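# Commentary on secondary and tertiary structure
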There are 2 protein chains.
Amino acid sequence: MGIREHLAEVCESVEGALACTLMAIDGIEIDSHVRDVGADLDMKSLLVEYSGIFQSARRAAETYQAGGVAEVSIATDKVLAVARFISSEHFMVLALSPDGNVGKARYKLRVTAPRLRSEL
Amino acid sequence: MGIREHLAEVCESVEGALACTLMAIDGIEIDSHVRDVGADLDMKSLLVEYSGIFQSARRAAETYQAGGVAEVSIATDKVLAVARFISSEHFMVLALSPDGNVGKARYKLRVTAPRLRSEL
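Position numbers for residues start from 1 in each chain and track the written sequence from start to end. Following the order in which they are written, the chains are lettered starting with A and the ligands numbered starting with 1. This being a predicted model, a pLDDT of at least 70 is required before a residue's local features are given, and a value of 80 or more before pairs of side-chain atoms are given or counted; all residues contribute to the totals for chains, interfaces and linings. Side-chain descriptors were evaluated using all non-hydrogen atoms of the structure, hydrogens and water having been removed beforehand.

All right, on to the relation of the copies chain A and chain B then. Here the copies are matched by least squares. The fit uses the C-alpha atoms of residues with pLDDT of at least 70 in both. Structural alignment of chain A on chain B gives an RMSD of 0.0 Å, achieved by rotating through 180° and translating 0.0 Å along the axis. The superposition of one copy onto the other is thereby described by a two-fold rotation axis. Identified as the residue of chain A closest to the rotation axis by C-alpha distance is A:Ser73, at 2.6 Å.

This brings us to the interface of chain A and chain B. One widely used convention gives an interface's size as the accessible area the parts lose upon coming together. Residue contacts follow a heavy-atom distance rule, with two residues in contact if any of their heavy atoms lie within 4.5 Å. Taken together, the contacts link 30 residues of chain A with 30 residues of chain B. Two parts placed together each lose some accessible area; with a 1.4 Å probe, that loss summed over both constitutes the buried area. Between chain A and chain B, the buried area comes to about 2300 Å², and carbon and sulfur atoms account for 61% of it. On the chain A side of the interface with chain B, the three residues burying the most area are A:Ile53, A:Tyr64 and A:Ala66, jointly 23% of the side's total. The term salt bridge refers to a pairing of a side-chain nitrogen on Lys or Arg with a carboxyl oxygen on Asp or Glu at a separation within 4 Å. Here chain A is connected to chain B by 0 salt bridges. For this analysis, a polar contact is any N or O atom pair within 3.5 Å, provided that within protein one partner can donate a hydrogen and the other can accept it, and provided that sequence-adjacent residues contribute only side-chain to side-chain pairs. On inspection of chain A and its partner chain B, the count reaches 13 residue pairs in polar contact (both at pLDDT 80 or more). Helical segments are the DSSP runs of H or I of at least four residues, strand segments are the runs of E of at least two, and each set is numbered from the N terminus. With 9 residues, the single largest contributor to the side of chain A that touches chain B is helix α2 (residues 43-63) of chain A. Following the grouping adopted for this structure description, the nonpolar residues are Ala, Val, Leu, Ile, Met, Phe, Trp, Tyr, Cys and Pro, the charged ones are Asp, Glu, Lys and Arg, and the polar ones are all others, Gly among them. Residue composition of the side of chain A that touches chain B, by class: 16 nonpolar, 7 polar and 7 charged.

What follows covers helix α2 (residues 43-63) of chain B. Residues three or four positions apart in an α-helix share a direction because the helix packs 3.6 residues into each turn. The length a helix should cover is 1.5 Å for every residue beyond the first. In this model, α2(B) (21 residues) spans 30 Å end to end at C-alpha, consistent with the 30 Å of a helix rising 1.5 Å per residue. Along α2(B), the residues that are buried comprise B:Met43, B:Leu46, B:Leu47, B:Tyr50, B:Ser51, B:Ile53, B:Phe54, B:Ala57, B:Arg58, B:Ala60 and B:Ala61. In this structure, the buried residues of α2(B) make contact with α2 and β3 (69-76) of chain A together with β1 (17-24), β3 (69-76), β4 (80-85) and β5 (90-96) of chain B. At the exit of α2(B) stands B:Gln65, carrying a positive phi of roughly 55°. Using a 1.4 Å probe on the protein chains alone, a residue whose accessible area is under 20% of its type maximum counts as buried, one over 50% counts as exposed, and one in between counts as partly exposed.

Moving on, we come to the confidence of the model for chain A. As a per-residue quantity, pLDDT reports the predictor's confidence and falls between 0 and 100. Considering every residue of chain A, the mean pLDDT works out to 89; 96% of them sit at 70 or more. Note on the complex model: pTM 0.88, ipTM 0.85.

Residues and elements named next belong to chain A. Pairing of aromatic rings covers Phe, Tyr and Trp, the last counted by its six-membered ring, and requires centre-to-centre distances within 6.5 Å; plane angles under 30 degrees mean stacked, over 60 mean edge-to-face, and any other angle means tilted. Counted under the stated rule, the structure contains 6 aromatic pairs over all chains. Consider the rings of Phe 54 and Phe 91, whose centres lie 5.1 Å apart with planes at 85°: the pair is edge-to-face. Taken together, the residues Phe 54 in helix α2 and Phe 91 in strand β5 (residues 90-96) connect sequence positions 37 residues apart.

Residues and elements named next belong to chain A. One non-glycine residue with positive phi stands out, namely Gln 65, at about 55°. When you line up the elements, Gln 65 lands in the loop between α2 and β3. Assessed through its relative accessible area of 48%, Gln 65 is described here as partly exposed.

Residue and element names in this part refer to chain A. Relative orientation of the contacting elements helix α1 (residues 3-13) and helix α3 (residues 102-117) amounts to 165°, with a least axis distance of 10 Å. The orientation of α1 with respect to α3, classified from their angle, is roughly antiparallel. Read as a crossing pair, α1 and α3 show a hand that is right-handed. Counting all contacts with α1, which are made through Ile 3, His 6, Leu 7, Glu 9, Val 10 and Ser 13, the residues of α3 involved are Lys 104, Lys 108, Leu 109, Thr 112, Arg 115 and Leu 116. Each residue belonging to the contact of α1 with α3 can be placed in one class, and the counts come to 5 nonpolar, 3 polar and 4 charged. In this description, a line fitted to the C-alpha atoms serves as the axis of each element, helices being fitted only across the stretch in contact, and the angle between N-to-C directions of two axes falls anywhere from 0 to 180 degrees. When describing relative orientation, an angle under 35 degrees is termed roughly parallel and one over 145 degrees roughly antiparallel, while 65 to 115 degrees is termed roughly perpendicular and anything else oblique. Handedness of a helix crossing follows the sense of rotation of the near helix relative to the far helix, less than a right angle counterclockwise being left-handed and clockwise being right-handed.

Quick look at the sheet that holds strand β1 (residues 17-24) of chain A now. Pairing between two strands requires that DSSP report at least two bridges joining them. The strand order β2(A)-β1(A)-β5(A)-β4(A)-β3(A)-β3(B)-β4(B)-β5(B)-β1(B)-β2(B) describes an open sheet built from 10 strands, whose pairing is antiparallel. Of all the strands in the sheet, the pair left with one neighbour each is β2 (29-34) of chain A together with β2 (29-34) of chain B. Within the sheet, the average angular offset between the axes of one strand and its neighbour, ignoring direction, is 10°. Relative to β3(B), β3(A) is paired through 7 bridges, and the arrangement is antiparallel. Residue A:Ser73 lies in a different strand from β3(B), and its bridge partner there is B:Ser73. Contacting β1, β2, β3, β4 (80-85) and β5 of chain A together with β3 of chain B, α2(A) crosses the sheet at an angle of about 135° to β3(A).

What follows is about the environment of B:Gly103. Secondary-structure assignment places B:Gly103 in helix α3 (residues 102-119). Separated by 89 residues in sequence, B:Gly103 and B:Val14 have C-alpha atoms that sit 9.2 Å apart.

Laid out in structure tokens, this is it:
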């Protein structure tokens with residue numbers, strides 16, 4: 001199973017999932033599976049911007065001895081993004097509609113993270 | 001019921017809650033209720049740092065037409081912080097132990113937000 005297949009599997013098994021993306025910490029997309037992102041939402045640019053935020057969260061947590069950051073989520077009116085670090089250099093993000101199944105999203109990211117890590 | 005009582009009520013009704021804080025967007029604490037924060041964790045400084053991250057998330061969402069940011073959560077090895085904006089200038093944060101009840105945390109923040117807003 002390649003990276004793209006893992007991303008698709010996460011996307012297709014979570015209710016309300018819009019897209020699942022593997023990114024490098026510098027905001028460069030490695031691969032993604034898009035199910036349904038409305039034309040009015042520039043998901044790629046949003047994720048690049050969010051990747052800076054995930055980096056900041058990691059730095060803050062390290063500075064204040066809160067431990068490594070495992071997961072960050074940002075919920076807006078239109079999209080809920082759940083990100084999970086899979087290595088010090090990579091994270092995956094699942095974008096959901098606001099009424100998507102966030103519990104399942106977090107679960108699927110957690111179990112898929114080690115599988116994706118082994119592909120890198 | 002004053003601000004402090006609302007914060008205490010949220011804290012006491014969520015399993016694994018450590019502290020609940022009302023903050024201004026510039027990182028200044030307005031009030032807080034602390035139940036149990038380990039001595040090794042500088043929660044106040046961490047929340048000040050996180051408030052910058054919450055602001056960045058809001059700016060990113062606005063820039064890319066993702067709508068207003070309702071909620072941001074950051075999970076580290078030691079603490080899970082769930083933040084909810086209650087106005088353009090204020091947000092509340094509930095800090096939980098990593099095995100705390102995040103579903104209940106999100107629910108309590110959502111229902112308490114309008115009550116806190118009416119106190120400001």
